[in-house]
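Structural characterization, general
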Amino acid sequence: MEMLGYETMQSFEQAINRAIGTCTTLGISVLENFQQCTREIGGEQVPDYKLSRFACYLVAMNGDPRKASVAQAQVYFARLADAARQFIQSAQDVERVQIRDEISDRERGLSSTAKKAGVADYALFQNAGYRGMYNVDLFRLKEMKGLQDTSRSLLDFMGKRELAGNLFRITETEARLKNEGIQGQRPAEHVAHEVGRKVRNVMIQNGGTRPELLPLASDIKNVRKGLKRTAKELKKLDKPRKKK
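Residues numbered from 1 in each chain as written. Predicted model: local features only at pLDDT ≥ 70, side-chain atom pairs only at ≥ 80, totals over all residues. Heavy atoms only, no water.

Some thoughts on the overall build of the chain
We apply this condition: Helix and strand assignments follow DSSP, with helices taken as H or I runs no shorter than four residues and strands as E runs no shorter than two, numbered in order from the N terminus. The buried label applies to any residue whose accessible area, calculated with a 1.4 Å probe on protein chains only, is under 20% of its type's maximum; exposed applies above 50%, and partly exposed to all values in between. Residues count as neighbours in contact if any of their non-hydrogen atoms are within 4.5 Å of one another. Per-residue and other accessible areas follow the Shrake-Rupley method at a 1.4 Å probe size, with only the shown protein chains counted as cover for residues.
For the chain, the count of helices and strands is 11 helices and 2 strands. For the chain, the α and β elements follow one another from N to C terminus as α-α-β-β-α-α-α-α-α-α-α-α-α. Within the span of the chain, comprising 244 residues, buried residues form 43% of the whole. Long-range pairs, those at least 24 residues apart, make up 67% of the contacts in the chain with a sequence separation of at least 6. When the accessible area of the chain is evaluated, it comes to approximately 13,800 Å², of which 50% is carbon and sulfur surface.

Examining the side chain of Glu-189
Let me state the cut-off plainly: Positive charges are assigned to Lys and Arg, negative charges to Asp and Glu, while His and the chain termini are left out of the count. For salt bridges, the criterion is a side-chain nitrogen of Lys or Arg within 4 Å of an Asp or Glu carboxyl oxygen.
Take Glu-189: it is sitting in helix H10 (residues 185-207). Of the side chains with opposite charge, Arg-186 lies nearest to the buried Glu-189, which makes no salt bridge, at 4.5 Å. What Glu-189 contacts, discounting residues up to four positions off in sequence, is Leu-124, Phe-125 and Ala-128.

What about a positive patch on the surface?
What counts is decided by this rule: Like charges within 9 Å and nonpolar side chains (Val, Leu, Ile, Met, Phe, Trp, Tyr) within 5 Å are joined into patches, using only residues over 30% in relative accessible area that form no salt bridge. Where a charge lies is defined by one atom per residue type, namely NZ (Lys), CZ (Arg), CG (Asp) and CD (Glu).
A contiguous patch of positive charge on the surface is contributed by Lys-221, Lys-225, Lys-228, Arg-229, Lys-232, Lys-236 and Lys-239. Assignment of secondary structure puts Lys-221 in helix H11 (residues 220-238). For Lys-221, a relative accessible area of 44% translates into the label partly exposed.

Details of the pairing of strand S2 (residues 44-51)
This is how it is decided: Pairs of strands are assigned from DSSP output, requiring at least two bridges between the strands.
Bridging between strand S1 (residues 34-41) and S2 involves 8 bridges; their strand directions are antiparallel. Residue pairing across strands places Ile-41 opposite Glu-44, the latter belonging to S2. The turn joining S1 and S2, which pair antiparallel and follow one another in sequence, is formed by 2 residues; a positive phi near 60° is taken by Gly-42.

Thoughts on the packing of helix H7 (residues 122-134) against H10
Short version of the rule: For every element, the axis is a line fit to its C-alpha atoms; helices are fit only across the contacting stretch, and the angle between N-to-C directions ranges from 0 to 180 degrees. Put simply, angles under 35 degrees are roughly parallel, angles over 145 are roughly antiparallel, angles from 65 to 115 are roughly perpendicular, and the rest are oblique. In this scheme the handedness of a crossing depends on how the near helix is turned from the far one: anticlockwise by less than a right angle means left-handed, clockwise means right-handed. Note on residue classes: Ala, Val, Leu, Ile, Met, Phe, Trp, Tyr, Cys and Pro are nonpolar, Asp, Glu, Lys and Arg are charged, and everything else, Gly too, is polar.
As a packed pair, H7 and H10 sit with axes 6 Å apart at the nearest point and diverge in direction by 25°. With respect to their mutual orientation, H7 and H10 come out roughly parallel. Handedness of the crossing formed by H7 with H10: right-handed. Judged by residue contacts, Leu-124, Phe-125, Ala-128, Gly-129, Arg-131, Gly-132, Met-133 and Tyr-134 of H7 engage Gln-185, Ala-188, Glu-189, Ala-192, His-193, Gly-196, Arg-197, Val-199, Arg-200 and Met-203 from H10. Residue composition of the contact of H7 with H10, by class: 9 nonpolar, 5 polar and 4 charged.

Observations regarding the environment of Val-30
Within the secondary structure layout, Val-30 lies in helix H2 (residues 30-33). Given a relative accessible area of 23%, Val-30 falls into the partly exposed group. Along the sequence, Val-30 and Ala-55 sit 25 residues apart, while their C-alpha atoms lie 8.8 Å from each other. Excluding residues that lie within four positions of it along the chain, Val-30 makes contacts with Ile-20, Cys-23 and Thr-24.

Written out as structure tokens, the structure reads:
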């Protein structure tokens, strides 16, 4: 904890929880990488974690890069793992995996809520949200951004900020449908479009760039593969060397 510049266990556990979430998303054993334990500080037994090298890597990548020690740890682990160098360009790629998984969960929730609200054509409803946020239909948006395989989800190629914006849009659309008791295809589409428009305005105000102009990021599938290969590489380093 102290080595990464965290002064309290509470702040450190936020990075730990994000790292555990990434492990869960990748289907990698949490118990093998994060072992709960205790240690003595000032004569008191306090909860702590015994981390594998891969767990340390994830915690560093999910940590606050403004802390010099976190930034140094990120560089160290990125250099240590060949798979990380090949597939993962930055700590933001690690966060993309977790946000993308959260979006999948929220989309399932929104789909269920929309159905209860009387949405018969979910594709039109979904497209209304994209139109609000991007000013164009989803298919046209894929063309504008230069996505080669238009059968793929654009979400798999979005950067961290754009993914976070869409997660917020989806979450707030579901909340509006529920809280306002919206019923019917057209009213639900109106809500989706309106929420998307508000998210668009906030992103432009904060970042100065229209969402449709944000560049594509690396394929999330390759990032997942890179993380899994990194886990295997670092696990090898964790094994004790055999004496000759």
